[in-house]
Amino acid sequence: MEADAQPLVESHQGMATMNSIEETYRAATEQSAQLAKRAERVMPGGDTRTTTYYRPYPLTLKRGEGPFLWDVDGNRYIDLLGNYTSLVHGNAYPPIVEAVTKAVRDGSSWPARSEAQLELATLLCERVASVDRVRFCNSGTEAGMLAAHVARRLTGRQLILMARYGYHGSYDDLEVGLAGQDGERTMLADFGEATAFEALLSERGAEIAAVFLEPVLGSAGVVEPPAGFLERVAEATRRAGAMFVVDEVITLRLAEGGGQQIFDVKPDLTMFGKIIGGGFPVGAIGGSEDVMSAFDPRNRGSIFHSGTFNGNPVTCAAGVVSIRELTQARIDKMAKQGERLAAELARAARQVELPFSVRHCGSLLNVFFLKEPPPATIAREDARAVSNFHLAALNQGLFLAPRGMIALSTVITDEVLSEVCERAAKAMADVAQAGE
């Protein structure tokens, strides 16, 4: 840790009570403000990720180490997001840094497989029961596009059925669900309503190529499925002759075998991303030997799929370490910490009389300043309060998503979590003082 790097709240003691939450933020992040203006001159809105934008301007980060992040002004934050769940072992995890350093020295990429690629594919096949073969790409979005392409090719159909407010990347036919709107080739049904999925599959099954579902809705606010929901949808999908696709891009962190292990469901295709790259760009799909044989170039009429960085050796070297060291014991510890944090956040909100609710599943949480959580973050009615909390949390040295999402990592100790709870309580008090 840098000697002169202090948590923002310690650098600006007492300002949250004298000034507004935003004024405190602006006073502590002047270099970020200057860089935001420069960035806006060369990038729309000053960035290339819509989800990372927030008012008055996003931070510019300088480095990360373990459970901590530092911005260009020298403020330290406890990382409660892990780059939107992808850094399950925190920042600059030493075993990953070591593996990547060696890989880079051997060459950053080449037009052939690497041993690391083979090892990562083997790990995924061993851990996820429904996966016999793996195909790598470069993002969760690409994985969604590839899964849709496979399903359409194998079924000869075009329509996709997915959950309202679900998210499977920035591909047109899959992105529309996040906004809750049907698309030209996309139909929606409410997550958790098995009868709605069954009805659409009964009525229009002959047109549906695939059903896409997250075991737990991530972007919508960590929404768990009711008992039997995934199993019923999977059965209805197969009766209709469509393919059942499970998106484990986020949920693979919830168990060694992912969400499909927790909820006892076997998909035809599985989407991967985030943690399987150890902090580097990655995506993949996996499935049975029969389904994935559609890619085998030895077969006549196989699907053409290529990409300069597919199975990149540096990414795969990082991914091998990330997956191998995400043991069930570590997963269980994060889940216990998630339970504790959810309870402490609720207690802190009660103490300052803020309406509050939290959804959590394992190491994932999403907070709402409402008595009951909404069906999805996009349908929330607490935008002002959650925005205030996000900035107040930054002022107190906590880094979480603007929408109130939190993802814990294996390097957050119980002592660090205690500090998180203390700082979050102060942020809650700042929000209560700010009022509506």
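Right above here is the structure, for reference.
Let us look at the structure shown here. (Residues numbered from 1 in each chain as written. Predicted model: local features only at pLDDT ≥ 70, side-chain atom pairs only at ≥ 80, totals over all residues. Heavy atoms only, no water.)

**What to know about the packing of helix 3 (residues 21-28) against helix 16 (residues 383-395)**
What describes two packed helices is the angle between their axes and the distance between those same axes. Between helix 3 and helix 16, the least distance of the axes is 9 Å, while the angle of their chain directions is 40°. By the criterion of interaxial angle, the relationship of helix 3 to helix 16 is oblique. Crossing geometry of helix 3 relative to helix 16 is assigned as left-handed. Seen from helix 3, the contacting residues are Ile-21, Glu-22, Thr-24 and Tyr-25; seen from helix 16, they are Asn-388, Leu-391, Ala-392, Leu-394 and Asn-395. Considered class by class, the residues forming the contact of helix 3 with helix 16 number 5 nonpolar, 3 polar and 1 charged. (Axes fitted to C-alpha atoms, helices over the stretch in contact; angles between N-to-C directions. Helix = DSSP H or I, 4+ residues; strand = E, 2+ residues; numbered from the N terminus. Parallel < 35°, antiparallel > 145°, perpendicular 65-115°, else oblique. Left-handed = near helix turned anticlockwise from the far one by under 90°. Contact = heavy atoms within 4.5 Å. Nonpolar A, V, L, I, M, F, W, Y, C, P; charged D, E, K, R; others polar.)

**Notes on the nonpolar core**
Grouped together as the largest cluster of nonpolar side chains are 56 residues, with contacts concentrated most on Leu-80, Leu-341, Phe-369 and Met-428. The greatest single-element share of this core, amounting to 8 residues, is contributed by helix 17 (residues 414-434). Counting 30 residues, the second-largest nonpolar core is a separate cluster that includes Leu-120, Val-314, Cys-316 and Ala-318. (Core = buried A, V, L, I, M, F, W, Y, C linked by side-chain atoms within 4.5 Å. Buried < 20%, exposed > 50% of the residue type's maximum accessible area, 1.4 Å probe, protein only.)

**Here we look at the sheet that holds strand 10 (residues 269-273)**
Strand order across the open sheet formed by 7 strands is 5-11-10-9-8-6-7, with mixed pairing between neighbours. Only two strands of the sheet have a single partner each, and these edge strands are strand 5 (133-137) and strand 7 (186-189). Ignoring which end each strand starts from, the neighbouring axes of this sheet average 25° apart. For strand 9 (residues 243-247) and strand 10, the ladder comprises 3 bridges, and the chain directions are parallel. If you follow Val-246 over to strand 10, its bridge partner there is Thr-270. The strands touched by helix 7 (residues 115-127) within the sheet are strand 5 and strand 10, with strand 5 carrying the most contacts at an inclination of about 125°. Lying over the sheet, helix 8 (residues 140-155) contacts strand 5, strand 6 (159-163), strand 8 (208-213), strand 9, strand 10 and strand 11 (283-287), oriented at roughly 165° with respect to strand 10. (Pairing = 2+ DSSP bridges.)

**Brief notes about the sheet that holds strand 15 (residues 405-407)**
One open sheet holds the 3 strands; their spatial order is 12-13-15, and the pairing between them is antiparallel. Either end of the sheet is taken by a strand with one partner, and the two such strands are strand 12 (357-361) and strand 15. Averaged over neighbouring strand pairs, the angle between their axes works out to 15° when direction is ignored.

**Re the packing of aromatic side chains**
Scanning all chains against the criterion turns up 8 aromatic pairs. Between Tyr-25 and Tyr-57, the ring centres sit 5.3 Å apart and the planes meet at 40°, which makes this aromatic pair tilted. Of this pair, Tyr-25 sits in helix 3 while Tyr-57 sits in the loop between helix 4 (30-40) and strand 2 (61-65), placing them 32 residues apart in sequence. A relative accessible area of 6% means that Tyr-57 is categorised as buried. An angle of 70° between the planes, with centres 5.6 Å apart, marks the rings of Phe-356 and Phe-369 as edge-to-face. Within this pair, whereas Phe-356 is found in the loop between helix 15 (328-351) and strand 12, its partner Phe-369 is found in the loop between strand 13 (364-368) and helix 16, the two being separated by 13 residues in sequence. Exposure class is identical for Phe-356 and Phe-369. Each is buried. Through successive ring pairs, a cluster of aromatic residues spans Tyr-25, Tyr-54 and Tyr-57. Positioned over the ring face of Trp-70 is Arg-63, at 4.0 Å from the centre of the ring. (Phe/Tyr/Trp six-rings, centres within 6.5 Å; stacked < 30°, edge-to-face > 60°. Lys NZ or Arg CZ within 6 Å of the ring centre and 35° of its normal.)

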